[in-house]
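Letter by letter, the chains look like this.
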Amino acid sequence: PSRRSAKNERVRLQKFFYLQLKEAILSGDLHCPSETCVLLASYAMQVKFGDFEKDQYQKGSILNQRVLPRRTVEQYRLSPEQWEQSVITWWQEHRD
């Protein structure tokens, strides 16, 4: 196999691994501390939408993206707005 096809295969495997881990965390099959969940959610938003832009951000978008496990959201008595702000705080740190 060529180097290019080997690299493409690694990229596919990394994406598959990422998606499996994401689903395991979101479904509750894999425990993840709440602080880590928020950080991972911020990375997911960065990957999907790029740098956080306050003037382009639509309020409530984070919770519509299914980036936080339900267990985590229910375990702590934070409002949806507080969860959203927690993710945004980290998301703003990931500027390209």
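A brief look at the structure comes next. (Residues numbered from 1 in each chain as written. Predicted model: local features only at pLDDT ≥ 70, side-chain atom pairs only at ≥ 80, totals over all residues. Heavy atoms only, no water.)

Together, Phe 17, Leu 21 and Leu 30 make up an exposed nonpolar region whose accessible area comes to about 270 Å². The topology assignment puts Phe 17 in helix H1 (residues 3-27). On the accessibility criterion, Phe 17 (51% relative accessible area) is exposed. (Patch = residues over 30% accessible without salt bridge, like charges linked within 9 Å, V, L, I, M, F, W, Y side chains within 5 Å. Areas by Shrake-Rupley, 256 points an atom, 1.4 Å probe, with all protein chains shown as cover. Salt bridge = Lys/Arg side-chain N within 4 Å of Asp/Glu carboxyl O. Helix = DSSP H or I, 4+ residues; strand = E, 2+ residues; numbered from the N terminus. Buried < 20%, exposed > 50% of the residue type's maximum accessible area, 1.4 Å probe, protein only.)

Counting 16 residues, the largest nonpolar core has Ile 62, Val 67, Leu 68, Val 87 and Trp 91 as the members making the most contacts within it. Taken together, the elements giving at least two residues each to this core come down to helix H2 (34-49) and helix H5 (80-91). A total of five residues in this core trace back to one element, the largest contributor, which is H2. Discounting residues that sit within four places of it in the chain, Val 67 has contacts with Leu 26, Cys 37, Ala 41, Ala 44, Met 45 and Ile 62. (Core = buried A, V, L, I, M, F, W, Y, C linked by side-chain atoms within 4.5 Å. Contact = heavy atoms within 4.5 Å.)

What follows concerns the packing of aromatic side chains. Applying the stated criterion across every chain, the model contains five aromatic pairs. Taking 5.0 Å as the distance between ring centres and 65° as the angle between the ring planes, the aromatic pair formed by Phe 52 and Trp 91 counts as edge-to-face. Separated by 39 residues along the polypeptide, Phe 52 in the loop between H2 and helix H3 (61-64) and Trp 91 in helix H5 bring together distant segments of the chain. Judged by its relative accessible area of 3%, Trp 91 falls in the buried class. Seen from their ring centres, Tyr 76 and Trp 83 are 6.3 Å apart, and the 70° between their planes marks the pair as edge-to-face. Residue classification places Trp 83 among the buried residues on the basis of a relative accessible area of 3%. One aromatic cluster is present, formed by Phe 49, Phe 52, Tyr 57 and Trp 91 through successive ring pairs. (Phe/Tyr/Trp six-rings, centres within 6.5 Å; stacked < 30°, edge-to-face > 60°.)

So, on to the pattern of salt bridges. One pass over the full model with this rule turns up three salt bridges. Here Arg 66 ties to Glu 23 by a salt bridge, and the two come within 3.2 Å at their closest N and O atoms. Here Arg 66, found in the loop between H3 and helix H4 (70-75), pairs with Glu 23, found in helix H1; they are 43 residues apart in sequence, far enough to count as distant. Take Glu 23: its relative accessible area is 38%, and that puts it in the partly exposed class. For the salt bridge of Arg 95 with Glu 53, the shortest nitrogen-to-oxygen distance reads 3.2 Å. Taken together, the residues Arg 95 in the segment after H5 and Glu 53 in the loop between H2 and H3 connect sequence positions 42 residues apart.

Mapped onto the elements of the fold, Ser 34 is located in helix H2. For Ser 34, a relative accessible area of 11% gives the class buried. What Ser 34 contacts, discounting residues up to four positions off in sequence, is Thr 72 and Tyr 76.

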